[in-house]
Amino acid sequence: MNYLGKVFLAARRFFNYKLYEMKNFNLLFLLGFILLLASCDKKEEESITINPYHDAYEEAAKVLNLPEIANDYTVHFPAYLNNNSFFPASVNNSKATLGRVLFYDKNLSKTKEVSCASCHQQDKGFADGKQFSDGVSGRKTTRNSIGLGSTVNFGAYYGTASFFNINFFWDDRATSVAEQSRGSLTNSKEMDMDMDLVEQRVKENEKYYKWLFMEAYADGINEDNILDAIQQFVNSMGSYQSEFDKGMNANNGQEYNQFSNFSTSENRGKKIFMDNCTSCHSKFAARSSVPMANNGLAMTYADKGKGALTNNSYDDGVFKVPSLRNLSLTAPYMHDGSIATLEEVVEHYSTGIVKHKNLHNNLKSGDQPKHLNLSAEQKADLVNFLRTFDDETIASDERYSDPFK
Ligand code: HEC
Ligand code: HEC
């Protein structure tokens, strides 16, 4: 670290320390005195070692592979998204860092064998590649894991917009990541905890959580802060550097332009998508135009989706319209993971849609399912286009990786 960096670090620690021990004037005075001494003979390192933040960091660093100054989680959207009123969530770096540790911590499940990351794996766009996920004690979830890295930015995608809200889970039953996380932590098929036990497990691991909470929350370890931190981490996730984004940005969001970074096939596939899919999935693949729908997967659904929550028969088989980024990483597809490949997804929209009683109007012509009846070439074009949504930077970004040593 250069000299300026060291001075900055020392000043920041001093300031933190002041806040931390505001009432203890004696200690504060002592620290000031030592700092003064240290600055005279330029041995800042000595003053640093008596800082409780630094001491706590040293403890945490035995277990965690994290920098002492939190990583920057700021998201910088390409201009075309901002120009179309999409803005990333603002994230607090210390809170997101704490959230990252919680996300990867298996101690937060009953049997200490499962973490959020077990079912939301970085190299799979934060899905898990399985039809159903493995929870504690060999239990399986009843739905396909959702790729958390498949939105343009998690916070922006779900954030409260004036026109409508998109909620969480395949049936939209949670209204915030905090609420969703409480759901995952306490679901008997996932982590099987209660929130008191979650808090207790965090406290049992003060060795590394002490420093993280000191940096992130003045009021320390409690349920709200735990959930908030996870939310901050998840909200910072996103994929906005795909070929699709580059093309859109170069063309100021004009979706029907020929994108020069696309192959001929990808450009043809783009037109099929813009003509037939954006009424639900939206043209920027940034926020679905319709939050939930039935897309005619089957005549009867074993899982009623939204209908199981509302008990309205018109909600049976109605599920989240998912975000389509990073599809190459997040197979298998649909709420039940019933479709294994993108080729089969395209076949579904080409010839497979069935006349379910709740089939959404956007997939009907008259009162019949709308089959696109694509040629072999058109199907390949559409698949090629769907892969332009891939942005694998999220899959290798160190800020989202497992922080445990
Ligand atoms: C046992 C596997 C499993 C674990 C552990 C797990 N999840 Fe999930 N997650 C899923 C599945 C499956 C879904 C879809 C469930 C549904 O829709 O009912 C999901 C959905 C979600 C969603 C909703 C995404 C969306 O776009 O609607 C979020 C956010 C999420 N999980 C975050 C987390 C966090 C944070 C944790 C840890 C606190 C966690 N998950 C733990 C399997 C898991
Ligand atoms: C009526 C709105 C609607 C239209 C139009 C629509 N979809 Fe979908 N799409 C959905 C819904 C709803 C789901 C999830 C259904 C489920 O899981 O039961 C889905 C799921 C998908 C998935 C799976 C994503 C995942 O992560 O599991 C892909 C891929 C997809 N659609 C692509 C397309 C393409 C390509 C088109 C155009 C040919 C299209 N969709 C048109 C509503 C729609």
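As the structure is a computational prediction, the values presented were derived from the model and not from experiment. (Residues numbered from 1 in each chain as written. Chains lettered and ligands numbered in written order. Predicted model: local features only at pLDDT ≥ 70, side-chain atom pairs only at ≥ 80, totals over all residues. Heavy atoms only, no water.)

Draft legend 1. Here's a closer look at the overall build of the chain. Regarding its fold elements, the chain presents 19 helices and 4 strands. In the chain, buried positions account for 53% of the 405 residues. Here the analysis covers contacts within the chain between residues at least 6 apart in sequence; of these, 67% occur between residues at least 24 apart. As displayed, the chain has an accessible area near 18600 Å², and 52% of this comes from carbon and sulfur atoms. (Helix = DSSP H or I, 4+ residues; strand = E, 2+ residues; numbered from the N terminus. Buried < 20%, exposed > 50% of the residue type's maximum accessible area, 1.4 Å probe, protein only. Contact = heavy atoms within 4.5 Å. Areas by Shrake-Rupley, 256 points an atom, 1.4 Å probe, with all protein chains shown as cover.)

Draft legend 2. Geometry of the coordination of the iron atom of ligand 2. Coordination sphere of the iron atom of ligand 2, protein contribution only: H281 (NE2) and Y349 (OH), at 2.0 to 2.1 Å. Around the iron atom of ligand 2 sit 6 donor atoms, and with donor-metal-donor angles ranging over 86 to 180° the site reads as octahedral. Residue H281 is found in helix α15 (residues 278-281), and its partner Y349 is found in helix α17 (residues 342-352); the two are separated by 68 residues along the sequence. Of the two residues, H281 and Y349, both sit in the buried class. (Donors = N, O, S within 2.8 Å, 3.2 Å for Na, K, Ca; no water. Tetrahedral: all angles 85-135°; square planar, octahedral: opposite > 155°, others 65-115°.)

Draft legend 3. Local environment of helix α14 (residues 264-276). End to end, α14 covers 19 Å across 13 residues, agreeing with the expected 18 Å (1.5 Å per residue, within 8%). Considered for burial, the residues of α14 that qualify are S265, N267, G269, K270, I272, F273 and M274. Residues of α14 that are buried sit in contact with α13 (243-250), α15 and α18 (376-386). (Expected span 1.5 Å × (residues − 1).)

Draft legend 4. Main features of the coordination of the iron atom of ligand 1. Within the protein, a single donor atom binds the iron atom of ligand 1, namely H120 (NE2) at 2.1 Å. Within the secondary structure layout, H120 lies in the loop between α7 (116-119) and α8 (154-158).

Draft legend 5. Structural view of the pattern of salt bridges. Counting across every chain of the model gives 22 salt bridges. Linking D171 and R143 is a salt bridge whose minimum nitrogen-to-oxygen distance equals 3.0 Å. With D171 in the loop between α8 and α9 (177-186) and R143 in the loop between α7 and α8, this residue pair connects regions lying 28 residues apart in the sequence. Among the charged side chains, a salt-bridge network with shared partners connects R143, D171, R173 and D303. (Salt bridge = Lys/Arg side-chain N within 4 Å of Asp/Glu carboxyl O.)

Draft legend 6. Main features of the packing of α17 against α18. Where α17 contacts α18, the two axes come as close as 10 Å, and the packing angle between them is 125°. The angle between α17 and α18 falls in the class oblique. Between α17 and α18 the crossing geometry is right-handed. Residues L342, E343, V346, E347 and S350 of α17 pack against K379, L382, V383 and L386 of α18. Classifying every residue of the contact of α17 with α18 gives 5 nonpolar, 1 polar and 3 charged. (Axes fitted to C-alpha atoms, helices over the stretch in contact; angles between N-to-C directions. Parallel < 35°, antiparallel > 145°, perpendicular 65-115°, else oblique. Left-handed = near helix turned anticlockwise from the far one by under 90°. Nonpolar A, V, L, I, M, F, W, Y, C, P; charged D, E, K, R; others polar.)

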